[in-house]
Amino acid sequence: MAIATLKMLSLDSSDASRDAKFWSAVLGWDVSAEGEGYAMLTGPDHALGFGTLPDHEEPGWPNEHGTKQFHLDLAVDDLDAAAAQCVELGATLPDEQPGETWRVLLDPSGHPFCLTKAENWG
């Protein structure tokens, strides 16, 4: 029996509004709340929140020191097309890419996320 149900994942950000708009475009989720220093997206089953920190430091990629803490894995049909769309929205595609079946990108606040081939998820 579960103790709790995940409702929202919140990310520290250098600009919550900017990051909410970026992730809204990537995921197709609505920006459901936005105010001074915070924003939230609502998806089908979960929410994604952002909080602006004035001293936010990008986790960096590659990250040999283990300070990135987490990343999102997103399933896509076409890696190259999806990566290009994310870059158009404000993501960065770093030179360091550890595999052939996924792409690591950085959101506008520097959080790494992976685009993976949907077929690999079964």
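Presented here is a report on the structure given in the accompanying data block. For clarity, every value in this text was computed on a predicted model and none was experimentally measured.

On to the pattern of salt bridges. Under the definition given, this model contains 3 salt bridges. The closest approach of N and O atoms between Glu34 and Lys21, which form a salt bridge, is 3.5 Å. On the criterion of sequence distance, the pair formed by Glu34 in strand 2 (residues 30-35) and Lys21 in helix 1 (residues 16-27) is long-range, its members being 13 residues apart. Of the charged contacts, one joins Asp80 and Arg103 as a salt bridge, the two residues approaching to 3.0 Å between their closest N and O atoms. Taken together, the positions of Asp80 in helix 2 (residues 79-89) and Arg103 in strand 6 (residues 102-106) put the pair 23 residues apart, joining distant regions of the chain.

As a further point, take unusual backbone geometry. The amide bond that connects Trp61 to the next residue, Pro62, takes the cis arrangement and shows omega of -10 degrees. By secondary structure assignment, the location of Pro62 is in the loop between strand 4 (47-52) and strand 5 (72-76).

What counts as what
Residues numbered from 1 in each chain as written. Predicted model: local features only at pLDDT ≥ 70, side-chain atom pairs only at ≥ 80, totals over all residues. Heavy atoms only, no water. Salt bridge = Lys/Arg side-chain N within 4 Å of Asp/Glu carboxyl O. Helix = DSSP H or I, 4+ residues; strand = E, 2+ residues; numbered from the N terminus.

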